[in-house]
Amino acid sequence: MSDITLTSTEIGAAGQLSLSPEEHKREQRRYLLRRTATAYLFLVPAAVFFIAFLVIPIGFLFFYTFHNGGIISPRVYVGLDNWRNVFRDDLVITSIKNTLVYCLMAIPSVFVISMFLALVLQQATRGGSVFRSVFYLPTLTPYVVAALIWQFVVHRDFGILNMTLVKLGRDPVNWIGDPDMALKSITMLEVWRGVGFWTLLFLAALIGLPKELYQAAAIDGANAWQRFRHLTIPLLRPTIFFAVVMATIWNLQLFDSVSIMTNGGPQNSTATVVWYIQQTTFAYTDKVGFGAALSFTLLMLILVLALIEIRLLRKR
Amino acid sequence: MVETHFPELDATVPPPPRRGILSTASLYKLAIYIILIVAAFIAMVPFGYVVSTSLKSTMSLFAYPPDWLPDEPTLDNYRNLIDRYPFWRWLMNSAIVAGSVTLIKLVVDSMAGYAFAKMRFPGKEPLFLLVLISLMVPFAALLIPTFIIVRELGLLNTYWGLILPGLASPIGIFMMRQFIESLPSDLENAARLDGCSEFQIYRRVILPLIKPGLVVLGVFTFMTQWTSYLWPLVAATKPQMATLTVGARSLTSDFTQDWGLNSAAAVLSMLPMILVFIFLQRYFIAGSIAGALKE
Amino acid sequence: MAQVEFIQVGKSYGETGAVHNVNLTVDDSEFLVLLGPSGCGKSTLLKMVAGLEDVTAGEIRIDGRVVNYVKPGDRNVAMVFQNYALYPHMTVQENIGFPLKMTKVPKDQIRERVTRTAAILGLDGLLDRRPEQLSGGQRQRVALARSIIREPAVFLMDEPLSNLDAQLRVQTREELLKLHERLQTTTIYVTHDQIEAMTMGHRIVVMRSGVVQQVGRPQDVYDNPANTFVAAFLGSPRINLQTGKLDGATFGGDGFVVPLNSKLAGAASAVTAGSDVALGVRPEDIEVRVGAVEASGDKIALDGVVSLVEPVGSDLYVRAQTGNVDWMARTEARLPVEPGQAVTLVLNLEHAHLFGEDGRNLAS
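Another aspect to go through is the confidence of the model for chain B. It should be kept in mind that the predicted coordinates are not to be read in detail where pLDDT is low. Residues and elements named next belong to chain B. Taken as a whole, chain B shows an average pLDDT of 82; of its residues, 84% reach a score of 70 or greater. Across chain B, helix 7 (residues 159-163) holds the top mean pLDDT of 95, while helix 2 (residues 58-61) sits lowest at 66. A low-confidence stretch, residues 1-19 stays under pLDDT 50, and its non-local contacts, those more than four residues away or across chains, total 34 contacts. Considering only residues more than four positions removed or in separate chains, one finds that residues 291-295, a stretch of pLDDT under 50, has twelve contacts.

Take a look at the structure:
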């Protein structure tokens, strides 16, 4: 049967509009205005807090980048000095390096462990909810408490790790006193604290996957690794995408554990960007402008890295 | 309440066929549980050690090598903590701050999330982009300006001073939008035709249906606030306004560290959080599934 | 009870199909069916009446009132959704009573009206259940109950039967018609199912790509399709459409010739000789005979070879080749033919059509 061009026919005589075009325009504008107003009414409560405690502070911060003093001494306009200093300061370079090294150690470890645990947890017929709660326990721990707990782990004399090492006949390690070990110890703490959160997130995503696909793949003779590689990973892409971007954003802001455990030391080996920002703004009191400029530098760094990740992960 | 039972949670992959006395299936099971128990052990041990330390007497604390378990468990450290420090006050402060932030955020963020998910209005995309970008702002960077604003408002050392900055975080808006967007639009359309105003749709249709999402956001917010340290440290300088985290930290002076006391404080400050989580755990998972994070 | 008028209605953009210049009047108490393939704009048009989609051109009037800028809840219309859109967190009783609750009807009155409405639809024993505890058919009836309880001026139904199994669909179709007979409420019903459209509609509106193709009583539309699209969309198996050229009083197809009867010859006079046209013959207007047959009157005989035989129980679909084209015929069930067999196709031109180059029916 051959193709035939299908065309329309005009049906029905056009009736008379009862409102003039001007009236239509007016009524329509009023209708849309009311709808927009309703939507904005829903946004207002959140916007108030958002503006007061996020937008305005960011504005302030930007203003401060061009000034010195302001807290103790009077505020002085210094132009781009603070920005210039940020790129000259050795500790800025060190702190950025430390932060990036930390992210490169922490994020992959957390994800691999979490994904593995989520896959294992998915297979557990009984006791799943108990394990889920236990795994989440470290995430629920306040940093102050986590840091305390972690001192019991890494303490030179009576920490769990060294006690175990001694028992095995090995030399104890100076986990936080040694500049080579300190950042790794911080990473261990952060991984310990973070695994529960990501495990639950991955588990939730795994449970939501369509079962039929797995049955079909099993019938097709795919083994467990092939199913993981060619089904689970592609299907979890949205979750992994979200996880990678969020983990980058969060981990680049590493601060609490550093502040409590090592306060940037020893020899600045755990100095992170946010730690340095906090030092310049609060501890050194009058370097607010420098801290502000450094904050914007970090913001840019986060934005750029997040955008690169979004690019890379979206493409594939 | 909406049924949030997910039978899949307990579902399992069919075991491979039996072979020999020790079947592959039971070996597989065994491996699964060994892995889980080891992981649980690693998650729990440091915490267990803290509990154990909190029950040790001052004397046995200095034993070397230290004992894993106290010889004679004692509640002295807990008694000390409660008698010598305003512990209950700290607990109350934390509860008031974390509770208020959580309640206000649930309302405010779900409203904004509804607008972003389901309403049509000019400026929607740029505003939401702003929310996404603001996710990347490190709070520590805003400490000084926030401090100045709160001081100018005369809210230092008040509950509002502790609560308000916590309400700015945009992650809740993002989460709520994801949840609400996954609801079928026909539900709100039906409500619209049934004569609901937008607020009635939000109140009577949307809110009851995103309960799992509210639990996720609630637990998440409460957790963040309960464990928050930096802001209460600078905003509450008077001892009677200190929250648990700040109070617990103040137990460590520059010269001495009473491990037993610190441990008791750690145990007590975590207990409420753990109870909340265990109670809401099932909804929490269900909620995470329902909101299955989409692009 | 109300009349719905569409005047130059259009929608230039939208999530679903756009709609162009619709002019239509739905009479009071009428059951009007919007029919078309998915994406043809029929659902968009329905949602525009409900107020769930904006009208970007023209106006929609309900009982003379322009409703373009009236909130959905104030239009006095009720809608049954394809997936029923029952509130999962409410019982059947609360679902049905919800519209009344929202319009501030007193509680005791709500209870009484819910009971009455539930009785009409046979939901008496289910009032305390939740939607998830109901079967598909029951959910459908709850959705119906929720829409009729307000006694709206207009019912809007968006493929309400598409999620039911075949048997239940037929049964519910009858119930819907009975309900309409009883309530006499103006109804606009959207479907892509031609059987539903033919059996239920007082009139049907066939749409394609946002444009109304034809409006009329079901049988009229079937018998006199305005264009090839309508002809092909209605009827199963599809109408046979053969392209060819007009040559005086004959239609010359690809390898076959059909002499026109007087009706088709009249239609053909609308175009010049030698122009490209299409001949449309429905499968039920083709008889398959074994052995030679004399042409007479409206009946034309063509020689063919059977290529496919499809028994469907009540009928037999036979595909046969003539010249270089295939014909589909719908014949009596137990006709003894098999593939490869030479047969004679008897075309009954009484209900056949000629379509012009642009697809329009030349007779109209």
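Moving on to the sheet that holds strand 4 (residues 57-62) of chain C. Residue and element names in this part refer to chain C. Pairing is antiparallel in the open sheet, where four strands are placed in the order 2-1-4-5. Where the open sheet ends on each side, the last strands, each with one partner, are strand 2 (19-26) and strand 5 (65-66). Pairing analysis gives five bridges linking strand 1 (residues 4-11) to strand 4, with the strands arranged antiparallel. For V4, the partnering residue across the bridge sits in strand 4 and is I62. Strands strand 1, strand 2 and strand 4 of the sheet are contacted by helix 1 (residues 42-50), whose axis makes an angle of about 120° with strand 1.

Within the secondary structure, A:T36 is located in helix 1 (residues 21-64). In this structure A:T36 comes out as buried when scored by relative accessible area, which is 16%. Those residues in contact with A:T36, other than ones at most four positions away along the chain, are B:F121 and B:P122.

In many reports, interface size means the accessible area that the parts give up when they come together. On the side of chain A, 94 residues touch chain B, which itself brings 99 residues to the contact. Between chain B and chain A the total buried area reaches about 8800 Å² when both faces are included, carbon and sulfur atoms providing 80% of it. Counting across the interface, chain B meets chain A through zero salt bridges. Linking chain B to chain A there are three residue pairs in polar contact (both at pLDDT 80 or more). In terms of residue count, the dominant contributor to the side of chain B that touches chain A is helix 1 (residues 24-54) of chain B (18 residues). Each residue belonging to the side of chain B that touches chain A can be placed in one class, and the counts come to 78 nonpolar, 13 polar and eight charged.

Right, let's get into the confidence of the model for chain C. Per-residue confidence for chain C gives a mean pLDDT of 90, with 99% of residues at or over 70. Quick note on the complex model: pTM equals 0.84, ipTM equals 0.85.

Under the counting rule described, the total for this entry stands at 36 aromatic pairs over all chains. With a centroid separation of 6.4 Å and 50° between ring planes, the pair formed by A:F131 and B:Y33 is classed as tilted. Placement of the pair is A:F131 in helix 4 (residues 128-140) and B:Y33 in helix 1, with the two residues belonging to separate chains. As far as the burial class goes, A:F131 and B:Y33 line up, both buried. Here a set of aromatic residues connected by ring pairs shows up, and it is made of A:Y40, A:F242, B:F116, B:F121, B:F128 and B:F174. One cation-aromatic arrangement involves C:R208 over C:F229; the distance from NZ or CZ to the ring centre is 5.2 Å. Here C:R282 stacks its cationic end above the ring of C:Y222, 3.9 Å away from the centre of that ring.

So, about the sheet that holds strand 7 (residues 154-158) of chain C. Residues and elements named next belong to chain C. If you walk across this open sheet you meet the six strands as 6-7-8-3-9-10, and the pairing is mixed. The sheet terminates laterally at strand 6 (77-80) and strand 10 (211-216), the two strands that pair on one side only. Geometrically, the sheet is characterised by an average inter-axis angle of 20° between neighbouring strands, direction not taken into account.

With that out of the way, let us pick up the layout of surface pockets. When its volume is computed, the largest pocket comes out at roughly 1200 Å³. Taken together, 41 residues make up the lining of the largest pocket; nearest its centre are A:R35, B:K118, B:R120, B:R192 and C:L52. Where the lining of the largest pocket is concerned, the elements lending two or more residues are helix 1 of chain A together with helix 4 (87-118), helix 9 (185-193) and helix 10 (198-209) of chain B. Take the lining of the largest pocket: its biggest share by element is eight residues, from helix 1 of chain A. Residue classes in the lining of the largest pocket are distributed as eleven nonpolar, 13 polar and 17 charged.

This brings us to a positive patch on the surface. Positive charge collects at one region of the surface, where B:R203, B:R204, C:K101, C:K104, C:K107 and C:R111 lie side by side. Among the elements of the structure, helix 10 of chain B together with helix 3 (107-120) of chain C are those that each provide at least two residues to the positive patch. Following the sequence through the fold, C:K107 ends up in helix 3. Look at C:K107 and you get exposed, because its relative accessible area is 68%.

Looking now at the domain arrangement of chain B. Residue and element names in this part refer to chain B. What the domain assignment lists for chain B is domain 1 (14-74) and domain 2 (86-290). If you look at the interface, domain 1 gives six residues, while domain 2 gives nine residues. At the surface where domain 1 touches domain 2, the tally comes to zero salt bridges. Our count for the domain 1 to domain 2 interface comes out at zero residue pairs in polar contact (both at pLDDT 80 or more). Counting residues per element, the side of domain 1 that touches domain 2 draws most heavily on helix 1, which supplies five residues. Per-class residue counts for the side of domain 1 that touches domain 2 are four nonpolar, two polar and no charged.

Analysis parameters
Residues numbered from 1 in each chain as written. Chains lettered and ligands numbered in written order. Predicted model: local features only at pLDDT ≥ 70, side-chain atom pairs only at ≥ 80, totals over all residues. Heavy atoms only, no water. pLDDT = per-residue confidence, 0-100. Helix = DSSP H or I, 4+ residues; strand = E, 2+ residues; numbered from the N terminus. Contact = heavy atoms within 4.5 Å. Pairing = 2+ DSSP bridges. Axes fitted to C-alpha atoms, helices over the stretch in contact; angles between N-to-C directions. Buried < 20%, exposed > 50% of the residue type's maximum accessible area, 1.4 Å probe, protein only. Buried area = accessible area lost by both parts, 1.4 Å probe. Salt bridge = Lys/Arg side-chain N within 4 Å of Asp/Glu carboxyl O. Polar contact = N/O pair within 3.5 Å; in protein donor to acceptor, adjacent residues only side chain to side chain. Nonpolar A, V, L, I, M, F, W, Y, C, P; charged D, E, K, R; others polar. Phe/Tyr/Trp six-rings, centres within 6.5 Å; stacked < 30°, edge-to-face > 60°. Lys NZ or Arg CZ within 6 Å of the ring centre and 35° of its normal. 1 Å grid on protein atoms, 1.4 Å probe; cavity = no way out; pocket = protein on both sides within 12 Å on 5 of 7 lines; lining within 4 Å. Points joined across faces, edges and corners; volume = space filled by probe spheres on them. Patch = residues over 30% accessible without salt bridge, like charges linked within 9 Å, V, L, I, M, F, W, Y side chains within 5 Å. Areas by Shrake-Rupley, 256 points an atom, 1.4 Å probe, with all protein chains shown as cover. Lys, Arg positive; Asp, Glu negative; His and termini not counted. Charge placed at Lys NZ, Arg CZ, Asp CG, Glu CD. Domains from an automatic or database assignment.

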